[in-house]
Amino acid sequence: FRYVCGCVSVFDRPLSFSLSLSLSLSVPAVIDFGSVQNAKQEAAIVEKLATEILTVNELFVVSVFRLPPRQGGVLLGFYAKRGNMRYLEVTVMGKINRVLVRYLREDGKTQSVNLQNANLSDGKPHSIILRVSGFQRDLITVELYIDCRLMDSSMGLPAMATIPPGQAETVDVRTGHRAYARMQGSLEELKLFLGGTMTRVGALQECPFQGDDALRNTVNGANSVL
């Protein structure tokens, strides 16, 4: 399940350059959480999410991890520093074989989405793709792919609230890197794709989803923003 990507890291370049990239809807911006090392980079991630979500129709949480039996925890979350409000949270629930997605709705309430058939806590490495689509429509769809197979989905969900642009420093980013390690597991990869297509993201994970064959040959076409 190793992630193979020809993405160009911009940590060796000024951060402002990465945030000024012009990206099309078919070429996703890619945030690699394994490369985040300080609060400034976290704020840049939040600001990128806040601005890109206004124009893209979908995002993808892509990860490879290993968890011992019946273990789990937050994989990725965006929270308001005051009040601990969840903008978006993805949690692996190892005891009941589910992935719980919670997000802030436009009416200020929290929407919970339980995705089943998620046998992820068995001591073996697994790859997941969580697809959240419909940002430019009135209804949200959430799909969970495990080891290249669609395991569960939920459609017709309320619209997701956006993070106000310019307020990136008021949002906290949490990942499962340390927590999974404490459980004697590991979080090998965690990336967020803003935009793109299922075929393109699947190709980067070596998942042969059906679609435009030309996109499968463009695994080097993604642009890493962090």
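Look up: the structure comes first, before these words.
Keep in mind that this is a model prediction, so the values were computed, not measured. (Residues numbered from 1 in each chain as written. Predicted model: local features only at pLDDT ≥ 70, side-chain atom pairs only at ≥ 80, totals over all residues. Heavy atoms only, no water.)

In this fold, Arg131 is placed in strand β7 (residues 125–133). Reaching out from Arg131, the side chain makes a polar contact with the side chain of Glu58 at a distance of 2.6 Å. Those residues in contact with Arg131, other than ones at most four positions away along the chain, are Glu58, Leu59, Phe60, Thr141, Val142, Glu143, Tyr145 and Met198. (Helix = DSSP H or I, 4+ residues; strand = E, 2+ residues; numbered from the N terminus. Polar contact = N/O pair within 3.5 Å; in protein donor to acceptor, adjacent residues only side chain to side chain. Contact = heavy atoms within 4.5 Å.)

Attention now goes to the packing of aromatic side chains. Tallied over the full model, the rule gives two aromatic pairs. Here Phe33 and Phe78 contribute two aromatic rings whose centre-to-centre distance is 6.4 Å and whose plane-to-plane angle is 65°, an arrangement assigned as edge-to-face. Taken together, the residues span a long stretch of sequence, with Phe33 in the loop between β1 (29–32) and α2 (39–52) and Phe78 in strand β3 (residues 73–80) at a distance of 45 residues. With respect to burial, Phe33 and Phe78 carry one shared label: buried. Judged by centre distance (5.8 Å) and plane angle (75°), the rings of Phe65 and Tyr180 are edge-to-face. Placement of Phe65 in strand β2 (residues 58–66) and of Tyr180 in helix α3 (residues 177–182) is noted, with a sequence separation of 115 residues between them. According to the relative accessible area criterion, Phe65 is buried, its value standing at 0%. Take Tyr180: its relative accessible area is 0%, and that puts it in the buried class. One Lys or Arg, Arg174, reaches over the ring of Tyr79 and ends 4.1 Å from the middle of that ring. (Phe/Tyr/Trp six-rings, centres within 6.5 Å; stacked < 30°, edge-to-face > 60°. Buried < 20%, exposed > 50% of the residue type's maximum accessible area, 1.4 Å probe, protein only. Lys NZ or Arg CZ within 6 Å of the ring centre and 35° of its normal.)

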